[in-house]
Amino acid sequence: QVQLVESGGGLVQAGGSLRLSCAASERNASNYNMGWFRQAPGLEREFVGAITWSGSTTYYTNSVKGRFTISRENAKNTVYLQMNSLKPEDTAVYYCAASPRRFLVSQTSQYTYWGQGTQVTVSS
């Protein structure tokens with residue numbers, strides 16, 4: 001069982017930046033590929049990006065490419081989501097999740113463990 005806890009959310013003006021963190025409870029969390037998702041009110045949870053267990057490969061949805069960066073520090077059991085040039089449409093609850101799949105995937109069903117989420121609000 002891997003427990004994930006997100007932090008770093010908050011209120012920011014459009015054009016600003018935030019860095020979200022996702023801390024895992026287990027050392028073997030470094031064996032998992034990690035993903036970030038977000039869910040705005042009334043909408044389905046959507047894929048933001050993912051990173052391999054080694055940190056060597058990342059994959060992003062088109063709407064955040066060039067603005068968001070995912071990284072990880074396995075020694076700290078932590079994954080990060082650096083968000084720059086934020087837009088009001090980025091407002092959502094952001095979740096991190098762990099996937100045992102060998103390749104990076106974007107479907108929520110392919111992720112086994114989920115955090116509780118952290119709210120990000122971008123004002124215009």
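The structure we're discussing is the one just above.
Read on for an overview of the structure. Predicted, not measured: the structure shown is a model, and the values here were computed from it.

**Considerations on the overall build of the protein**
Counting secondary structure elements, the protein contains zero helices and eleven strands. Each helix (α) and strand (β) of the protein, taken in turn from the N terminus, gives the series β-β-β-β-β-β-β-β-β-β-β. Out of the 124 residues belonging to the protein, those deemed buried represent 44%. Across the protein, every contact between residues at least 6 apart in sequence was considered, and the portion connecting residues at least 24 apart equals 58%. As presented, the protein carries roughly 6,500 Å² of accessible surface, and 45% of it is formed by carbon and sulfur atoms.

**Remarks on the state of the cysteines**
One pass over the full model with this rule turns up one disulfide. Shown here is the disulfide that connects Cys 22 with Cys 96, its sulfur atoms set 2.0 Å apart. Taking the sign of the torsion about the S-S bond as the criterion, the disulfide between Cys 22 and Cys 96, at about 60°, is right-handed. Taken together, the residues span a long stretch of sequence, with Cys 22 in strand β3 (residues 18-24) and Cys 96 in strand β9 (residues 92-99) at a distance of 74 residues. Here Cys 22 falls in the buried class, since its relative accessible area comes to 1%.

**Examining the pattern of salt bridges**
Two side chains of opposite charge can pair, provided their charged atoms sit close to one another. The final tally for this structure, using the stated rule, is four salt bridges. A salt bridge links Asp 90 to Arg 67; the nearest nitrogen and oxygen atoms lie 2.8 Å apart. Of the two residues, Asp 90 sits in the loop between β8 (78-83) and β9 while Arg 67 sits in the loop between β6 (58-60) and β7 (68-73), which places them 23 residues apart along the sequence. Looking at Arg 67, the relative accessible area reads 11%, which means it is buried. Here Lys 76 makes a salt bridge to Glu 73, at a shortest N to O gap of 3.9 Å. Through salt bridges with shared partners, a single ionic network connects Arg 38, Glu 46, Arg 67 and Asp 90.

**With respect to the sheet that holds β8**
One open sheet accounts for four strands, arranged β1-β3-β8-β7; its pairing is antiparallel. The open sheet is flanked by β1 (4-7) and β7, the only strands paired with a single partner. Geometrically, the sheet is characterised by an average inter-axis angle of 15° between neighbouring strands, direction not taken into account. As paired strands, β3 and β8 are joined by six bridges and run antiparallel to one another. For Leu 20, the partnering residue across the bridge sits in β8 and is Leu 81.

What counts and what doesn't
Residues numbered from 1 in each chain as written. Predicted model: local features only at pLDDT ≥ 70, side-chain atom pairs only at ≥ 80, totals over all residues. Heavy atoms only, no water. Helix = DSSP H or I, 4+ residues; strand = E, 2+ residues; numbered from the N terminus. Buried < 20%, exposed > 50% of the residue type's maximum accessible area, 1.4 Å probe, protein only. Contact = heavy atoms within 4.5 Å. Areas by Shrake-Rupley, 256 points an atom, 1.4 Å probe, with all protein chains shown as cover. Disulfide = S-S within 2.5 Å. Salt bridge = Lys/Arg side-chain N within 4 Å of Asp/Glu carboxyl O. Pairing = 2+ DSSP bridges. Axes fitted to C-alpha atoms, helices over the stretch in contact; angles between N-to-C directions.

Purely geometric numbers; function is a separate question.
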